[in-house]
Amino acid sequence: MKVIAFYLPQYHNIPENDEWWGDGFTEWTNVRKAQPYFEGHNQPEIPLNENYYNLLDDKVKLWQAKLAKEYGVYGFCYYHYWFNGKMLLEQPMEQMLRNKEIEQHFCICWANEPWTKAWVNETKVLIPQKYGHEKEWKEHFDYLLPFFKDERYIKCSGRPLMVIYRPQVIDNIREMILYWNKLAKEAGFKNGLCFAYQTYGMEEKGDDMFDYSIEFQPAYIGAFKKANAPSKVTLRSTLSVVRMKVTSKIERITGVNLETKIDMYRKKKRGVGKIEYDSAWETILNHKPENDKKWPGAFTAWDNTPRHHERGVCYVGATPEKFKNYFSRLIRKAKEEYKSDMIFVNAWNEWAEGAHLEPDEKNGYGYLEAVREALKENDAWPVE
């Protein structure tokens, strides 16, 4: 089984973050400033040995790769920030490409949202997202091509795997995929690219152009539970899906993310949302994939109060022991129901969202040990 963990590169300084958030800002800034909001709330989460690393240090990337391999994590899915030619946080991935001593499989997820000040309850757009046409698509593809050609890049039957975060906001997604496949074939990949997207429980625009969708947890199962709630809330759930589609269309036209505004208003009124970890995982494990184009997802834990404070959401009751049990069951489910040899985990290092496999002061290597034990007991250790 190929366990692929989403990987956040925002652990080094960039001029844009210094300007927008203050000198020296990285993801660790939010993590360090976190505070508990209810009894038993485990905040701040502290990396083991207070390892607040800088991702521009190749020793860190070597350590991460060694750790992942030791515990059975097959690869990382790097978040990639491309804004019509402008890039942010690209250095760790570029350094990894150049350093062949970093023995880690990887793929890329284009996080194609505009950057805003949503963390601080504002919707100001810091850098917009525009998609262009063939000229801009070729520029983007040409940048990605050296990564696709790397021997460590994750491929599906010889096709480099390219994940897109939110395809529904790309007006010409079909034309772009067709064009990228044409360029990939010209570059030597005779069957083009393998396209997947992160799904959050609703059909995405142009999803028939994709080879797979990744059930991004716990967001996917949260939307699934709403859509399958008792009949008294069916109308509300239906209206919620309609609202999301309408606001996505408005965002494409105006660049204003109304869904974020609505979400922030709702969370401000509610306070920290607490959801049962066990309930979420039972829903994941009882859910039947709708088709054979799904890749299952897992999450270690989730607590985004370091970013969103009292407007955040915390899944309560998470432990490495529970995760090991649930992940072991998911491995069997992936084999039997999804017919898949891949599971995507949220995440390797989303510290400000409480979703990380990396070791911390409270749990040590517990979540990594859970992955290793689950793989071994299911005879699912990844094959190179």
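Described in the following lines is the structure provided in the data block. This structure is a prediction, so every number in the text was calculated from the model and none was measured.

1. Considerations on the packing of aromatic side chains
Summed over all chains, the structure comprises 41 aromatic pairs. A centroid spacing of 6.0 Å and a plane angle of 55° characterise the contact between phenylalanine 141 and phenylalanine 148, whose relative ring orientation is tilted. The same class applies to phenylalanine 141 and to phenylalanine 148, which are both buried. Consider the rings of phenylalanine 323 and phenylalanine 327, whose centres lie 5.3 Å apart with planes at 25°: the pair is stacked. On the criterion of helical spacing, the pair formed by phenylalanine 323 and phenylalanine 327 is a turn pair, its members being four residues apart in helix H12 (residues 320-338).

2. Overview of unusual backbone geometry
Across the junction of glutamine 217 and proline 218, the peptide omega takes the value 5°, indicating a cis bond. Along the chain, proline 218 turns up in the loop between strand S10 (212-215) and helix H7 (219-227). Cis geometry is adopted by the peptide bond preceding alanine 347, which originates at asparagine 346 and carries an omega value of 15°. When you line up the elements, alanine 347 lands in the loop between strand S15 (342-346) and strand S16 (349-350). Unusually for a residue other than glycine, lysine 339 sits at a positive phi of about 55°. Following the sequence through the fold, lysine 339 ends up in the loop between H12 and S15.

3. Here's the deal with the pattern of salt bridges
Two side chains carrying opposite charge are able to pair once their charged atoms lie near each other. Considering all chains together, one arrives at 19 salt bridges under this definition. Salt-bridge contacts for glutamate 113 lead to arginine 166; the nearest nitrogen and oxygen are separated by 2.9 Å. One end of the pair, glutamate 113, is in the loop between strand S4 (105-110) and strand S5 (115-116); the other, arginine 166, is in the loop between strand S8 (159-164) and helix H6 (173-186), with 53 residues separating them in the sequence. In this structure, the salt-bridge partner of aspartate 278 is lysine 322, at a minimum N-O distance of 3.0 Å. Separated by 44 residues along the polypeptide, aspartate 278 in helix H10 (residues 277-286) and lysine 322 in helix H12 bring together distant segments of the chain.

4. Focus: helix H3 (residues 58-70)
Between its first and last C-alpha, H3 extends 18 Å over 13 residues, near the 18 Å set by a 1.5 Å rise per residue. What H3 keeps buried is the set Val60, Lys61, Gln64, Ala65, Leu67 and Ala68. Down the axis of H3, the buried set is contained in an arc of 165°. They therefore lie on one face. Along H3, exposed side chains directed more than 90 degrees from the buried face belong to Lys59 and Lys66. Among the structural elements, strand S1 (2-7), strand S2 (73-83), helix H4 (91-98), S16 and helix H13 (366-377) are those in contact with the buried residues of H3. Regarding H3, its N-cap is aspartate 57, as a side-chain oxygen of that residue lies 2.9 Å from the backbone nitrogen of lysine 59 further along. Immediately downstream of H3, the backbone of glycine 72 shows phi near 90°, a positive value.

How each quantity is defined
- Residues numbered from 1 in each chain as written.
- Predicted model: local features only at pLDDT ≥ 70, side-chain atom pairs only at ≥ 80, totals over all residues.
- Heavy atoms only, no water.
- Phe/Tyr/Trp six-rings, centres within 6.5 Å; stacked < 30°, edge-to-face > 60°.
- Buried < 20%, exposed > 50% of the residue type's maximum accessible area, 1.4 Å probe, protein only.
- Helix = DSSP H or I, 4+ residues; strand = E, 2+ residues; numbered from the N terminus.
- Salt bridge = Lys/Arg side-chain N within 4 Å of Asp/Glu carboxyl O.
- Expected span 1.5 Å × (residues − 1).
- Arc of directions from axis to C-beta.
- Contact = heavy atoms within 4.5 Å.
- Polar contact = N/O pair within 3.5 Å; in protein donor to acceptor, adjacent residues only side chain to side chain.

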